[in-house]
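# Descriptive structure summary
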Amino acid sequence: KIALRIRNVAFAGAFQKWSENVAESGRMAAVLFKISSRIKNVHLAGAFQRWSENVSESLRMVSVMTKVSSRIKNVQIFRAFQRWGENVSELRRMVSVMTKISFRIRNVQLAGAYHRWSENAAQSGRMASVMSKIVLRIQNVAFAGAFQKWS
């Protein structure tokens, strides 16, 4: 029995040692799992950080391009409005010039009509003057004849 106990104590010691080794291996495996998880999480966090930066940069680029596009459109609208204003100014100038020309043409026509009227009036006036001189001469001839008869 003593030999059996010695052998059982030796087995018990070996089993104890084996049990401690298994426990240590389990603990080491858990520690290694934590370490590898942390390493994986660091890589995952880095990848997520790079992805997040890329998304932020893409959003910033979209915002910048939207502003640039808006400015280009505003410049185009400003230029179109400026050309429209220049065209309106030119049209107003042309209307003013055409109005002046039409007034001049009308004034020329009025001046021609006035000239013809004044010539007619002058002619009529001359004719009236000539007629009055003729009537005066006839009267003078008649008066002279009557005076001669009387004298």
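Remember, it's a predicted structure, so these values are computed and weren't measured experimentally.

### Side note on the packing of aromatic side chains
The tally for this structure, following the rule as stated, stands at three aromatic pairs. On the basis of an interplanar angle of 35° and a centroid distance of 5.6 Å, the ring pair of Phe 48 and Trp 51 is categorised as tilted. Here Phe 48 and its partner Trp 51 are both found in helix α1 (residues 2–150), three residues apart, which amounts to about one turn of the helix. On the accessibility criterion, Phe 48 (54% relative accessible area) is exposed. Residue classification places Trp 51 among the exposed positions, given a relative accessible area of 52%.

### With respect to the pattern of salt bridges
Pairs can form between side chains of opposite charge once their charged atoms are near each other. On inspection of all chains with the given rule, the structure shows three salt bridges. Here Glu 24 ties to Arg 27 by a salt bridge, and the two come within 2.7 Å at their closest N and O atoms. Residue Glu 24 and its partner Arg 27 are located together in helix α1, separated by three residues, close to a single helical turn. In this structure Glu 24 comes out as partly exposed when scored by relative accessible area, which is 37%. Of the charged contacts in the structure, one is a salt bridge between Glu 90 and Arg 93, with a shortest N-O distance of 2.7 Å. Here Glu 90 and its partner Arg 93 are both found in helix α1, three residues apart, which amounts to about one turn of the helix. Residue Glu 90 is classed as partly exposed on the basis of its relative accessible area, which comes to 34%. Taking relative accessible area as the criterion, Arg 93 reaches 46% and is therefore assigned partly exposed.

Quick notes on the rules
Residues numbered from 1 in each chain as written. Predicted model: local features only at pLDDT ≥ 70, side-chain atom pairs only at ≥ 80, totals over all residues. Heavy atoms only, no water. Phe/Tyr/Trp six-rings, centres within 6.5 Å; stacked < 30°, edge-to-face > 60°. Helix = DSSP H or I, 4+ residues; strand = E, 2+ residues; numbered from the N terminus. Buried < 20%, exposed > 50% of the residue type's maximum accessible area, 1.4 Å probe, protein only. Salt bridge = Lys/Arg side-chain N within 4 Å of Asp/Glu carboxyl O.

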